[in-house]
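One letter stands for each residue in the lines below.
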Amino acid sequence: MAPPTVLVTGGAGYIGSHTVLEMLNAGYNVICVDNLCNAYSGGASKLPEALSRVQEITGKKIHFYRVDITDREQVRSVFQEHKIDMVAHFAALKAVGESCRIPLQYYHNNMTGTNVLLEAMADNNVFKFVYSSSATVYGEPKFLPVTEEHPTGNCTSPYGKTKYFTEEILKDLCKSDKRWAVVSLRYFNPVGAHISGRIGEDPNGEPNNLMPYIAQVAVGRRPKLSVYGSDFPTKDGTGVRDYIHIVDLAEGHVKALDKLRNIAETGFFAYNLGTGVGCSVLELVHAFERASGQKVTYELVDRRSGDVATCYADAKLAEQALGWKATRGIDKMCEDTWRWQSQNPNGYAQK
Ligand SMILES: NC(=O)c1ccc[n+]([C@@H]2O[C@H](COP(=O)([O-])OP(=O)(O)OC[C@H]3O[C@@H](n4cnc5c(N)ncnc54)[C@H](O)[C@@H]3O)[C@@H](O)[C@H]2O)c1
Ligand SMILES: CC(=O)N[C@H]1[C@@H](OP(=O)(O)OP(=O)(O)OC[C@H]2O[C@@H](n3ccc(=O)[nH]c3=O)[C@H](O)[C@@H]2O)O[C@H](CO)[C@@H](O)[C@@H]1O
């Protein structure tokens with residue numbers, strides 16, 4: 001029996017590339033599409049740099065197509081070229097602040113793109129779908145830890161709304177047609193890098209997120225970290241989040257594919273991918289200093305608008321339903337981030 005073939009959209013990105021690596025190691029065939037709007041295209045090789053390195057690490061072949069998922073013909077051509085069994089959908093624009101400035105581009109890219117993809121799937125009798133969702137669908141937590149029963153939809157940005165609206169579309173789709181089996185994975189705060197140090201997070205321009213910012217200060221690319229708010233009602237006054245190692249996250253996707261591959265059960269399933277452990281900004285800074293041996297200079301400044309004090313997951317449902325549990329702690333997240341950053345001070349674009 002040939003191993004299943006997974007179409008991975010956004011496979012050249014941070015989470016996509018790490019998940020492709022774990023899918024290949026788990027024996028899946030992988031077809032990747034990406035329009036490279038937020039991924040380094042690499043040198044002469046046909047493959048984007050991140051995927052070229054994934055091939056090097058795994059010794060396995062990746063089929064790659066430079067495709068924009070909003071382009072119906074481009075998407076259809078991939079389904080004509082390959083027999084696809086399942087789809088893992090990472091492709092999206094994801095900068096919260098940018099989404100407030102250019103909401104229409106976010107709704108087009110993330111919503112129209114997903115709808116074009118879903119239509120092409122249905123036209124080719126492909127109904128198994130893993131979706132990249134986010135804890136942002138919960139808005140400001142009403143209770144902690146956040147379970148999958150927490151209300152969704154109280155999103156504070158157009159980006160967050162694209163995630164929420166897409167989940168609602170997927171629920172309606174599953175209600176309308178019992179052939180659909182959808183797993184929506186709600187990521188908390190993915191950080192870290194593959195142990196090889198060859199692939200990692202490579203944000204365009206100034207990082208929005210905490211961990212890549214810390215790493216760039218530690219490696220000397222940025223003078224200091226601004227700590228947004230030190231007067232939150234938390235252990236040390238700084239924001240508390242549920243950071244999850246990117247490889248734990250990637251392994252969670254493989255478990256979701258395994259579930260879809262083997263189940264007769266169809267419908268919509270949502271699972272939190274987090275550790276259940278909250279970590280403050282200053283705790284992460286100090287853990288990174290221990291892991292890297294580098295000083296991370298920081299300044300306590302005003303809060304960033306839209307930030308909540310504390311958010312962390314109840315991850316028990318994913319453990320029960322997927323047989324998955326995060327195993328890597330904060331120190332490992334920092335060690336692996338530092339290995340990537342110190343070996344690739346300028347990310348994939350080695351200058
Ligand atoms: N990184 C996080 O902290 C986080 C948290 C929650 C959810 N997510 C979601 O996980 C997914 C992957 O996030 P990431 O951090 O890897 O981001 P990323 O930007 O590194 O990866 C996204 C990839 O999708 C591609 N892409 C974007 N629009 C496309 C389009 N129209 N057609 C084809 N390719 C397109 C980009 O070029 C990029 O390679 C996204 O859906 C994001 O919303 C990320
Ligand atoms: C409001 C917002 O943007 N939320 C997004 C953000 O979550 P979130 O805001 O949790 O993630 P960040 O990494 O941006 O911030 C984590 C914590 O670090 C603090 N911090 C961050 C950066 C910095 O330079 N200094 C600093 O102190 C923040 O105030 C927060 O307390 O990233 C997630 C992962 O991409 C997205 O799913 C969320 O939708």
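Just above sits the structure.
Here is what the cut-offs are and how they apply
- Residues numbered from 1 in each chain as written.
- Chains lettered and ligands numbered in written order.
- Predicted model: local features only at pLDDT ≥ 70, side-chain atom pairs only at ≥ 80, totals over all residues.
- Heavy atoms only, no water.
- Pairing = 2+ DSSP bridges.
- Helix = DSSP H or I, 4+ residues; strand = E, 2+ residues; numbered from the N terminus.
- Axes fitted to C-alpha atoms, helices over the stretch in contact; angles between N-to-C directions.
- Contact = heavy atoms within 4.5 Å.
- Near = heavy atom within 4 Å.
- Polar contact = N/O pair within 3.5 Å; in protein donor to acceptor, adjacent residues only side chain to side chain.
- Areas by Shrake-Rupley, 256 points an atom, 1.4 Å probe, with all protein chains shown as cover.
- Core = buried A, V, L, I, M, F, W, Y, C linked by side-chain atoms within 4.5 Å.
- Buried < 20%, exposed > 50% of the residue type's maximum accessible area, 1.4 Å probe, protein only.
- Phe/Tyr/Trp six-rings, centres within 6.5 Å; stacked < 30°, edge-to-face > 60°.
- Lys NZ or Arg CZ within 6 Å of the ring centre and 35° of its normal.
- Salt bridge = Lys/Arg side-chain N within 4 Å of Asp/Glu carboxyl O.
- 1 Å grid on protein atoms, 1.4 Å probe; cavity = no way out; pocket = protein on both sides within 12 Å on 5 of 7 lines; lining within 4 Å.
- Points joined across faces, edges and corners; volume = space filled by probe spheres on them.
- Nonpolar A, V, L, I, M, F, W, Y, C, P; charged D, E, K, R; others polar.

Re the sheet that holds strand 1 (residues 5-9)
Phase 1 of the analysis: On the basis of which strands lie adjacent, the open sheet formed by seven strands has the order 3-2-1-4-5-6-11 and parallel pairing. Each edge of the open sheet carries a strand with a single partner, namely strand 3 (63-66) and strand 11 (267-273). Taken pair by pair, the neighbouring strands of this sheet meet at an average axis angle of 20°, ignoring direction.
Phase 2 of the analysis: Note: strand 4 (residues 86-89) against strand 5 (residues 128-134), three bridges, orientation parallel. The residue of strand 5 that forms the bridge with valine 87 is phenylalanine 129.
Phase 3 of the analysis: Contacting strand 1, strand 4 and strand 5, helix 5 (residues 103-123) crosses the sheet at an angle of about 165° to strand 5.

Overview of the site of ligand 1
Phase 1 of the analysis: For ligand 1, the set of nearby residues contains 26 residues, the closest of which are Ile15, Asp34, Asn38, Lys94 and Tyr159.
Phase 2 of the analysis: Side-chain polar atom of aspartate 34 to an oxygen atom of ligand 1: 2.6 Å apart, as the coordinates give it.
Phase 3 of the analysis: For ligand 1, a nitrogen atom lies 3.0 Å from a polar atom in the backbone of isoleucine 69.
Phase 4 of the analysis: For ligand 1, whose free accessible area comes to 820 Å², the fraction covered by protein is 95%.
Phase 5 of the analysis: Listing elements by their share of the shell around ligand 1, those giving two or more residues are helix 1 (14-25), strand 5 and helix 6 (158-176).
Phase 6 of the analysis: The leading source of residues in the shell around ligand 1 is strand 5, at three residues.

Describing the nonpolar core
Phase 1 of the analysis: Val8, Val20, Met23 and Leu185 are the most contacted members of the largest nonpolar core, which has 47 residues in total.
Phase 2 of the analysis: Ranked by the residues each element gives to this core, the list is headed by helix 8 (residues 246-262), at seven residues.

Brief notes about the packing of aromatic side chains
Phase 1 of the analysis: One pass over the structure, following the stated rule, counts seven aromatic pairs.
Phase 2 of the analysis: Residues phenylalanine 127 and tryptophan 180 carry aromatic rings whose centres are separated by 5.1 Å and whose planes lie at 90° to one another, so their mutual orientation is edge-to-face. With phenylalanine 127 in the loop between helix 5 and strand 5 and tryptophan 180 in the loop between helix 6 and strand 6 (181-187), this pair connects stretches of sequence that are 53 residues apart. Assigned by exposure class, phenylalanine 127 and tryptophan 180 land together as buried.
Phase 3 of the analysis: When the centroid spacing of 4.9 Å and the interplanar angle of 55° are considered together, the rings of tryptophan 340 and tyrosine 348 count as tilted.
Phase 4 of the analysis: With a relative accessible area of 2%, tryptophan 340 lands in the buried category.
Phase 5 of the analysis: Overall, tyrosine 348 belongs to the buried group, its relative accessible area being 8%.
Phase 6 of the analysis: Taken together, the ring pairs connect Tyr107, Tyr164 and Phe165 into an aromatic cluster.
Phase 7 of the analysis: The ring of phenylalanine 232 is capped by arginine 303, whose NZ or CZ atom sits 4.1 Å from the centre of that ring.

Some details on the pattern of salt bridges
Phase 1 of the analysis: All chains considered together, the criterion is met by 20 salt bridges.
Phase 2 of the analysis: One salt bridge in this structure joins glutamate 49 and arginine 53, with 2.8 Å as the shortest N-O distance. Of this pair, glutamate 49 and arginine 53 both sit in helix 2 (residues 49-58), four residues apart, which is roughly one turn of that helix.
Phase 3 of the analysis: The salt bridge involving arginine 339 is made with aspartate 336; its shortest N-O contact spans 2.9 Å. Pair noted here: arginine 339 and aspartate 336 are both in helix 11 (residues 330-343), with a separation of three residues, about one helical turn.
Phase 4 of the analysis: A relative accessible area of 1% means that aspartate 336 is categorised as buried.
Phase 5 of the analysis: Salt bridges here are not isolated pairs; linked through shared partners, they connect Asp248, Glu251 and Arg328.

What to know about the layout of surface pockets
Phase 1 of the analysis: Considering only enclosed or pocket space, the second largest pocket measures out at about 420 Å³ in volume.
Phase 2 of the analysis: Along the walls of the second largest pocket sit 19 residues, with Asn38, Ala95, Glu98, Asn204 and Asn208 positioned nearest its centre.
Phase 3 of the analysis: Of the residues belonging to the lining of the second largest pocket, the class tally is nine nonpolar, five polar and five charged.

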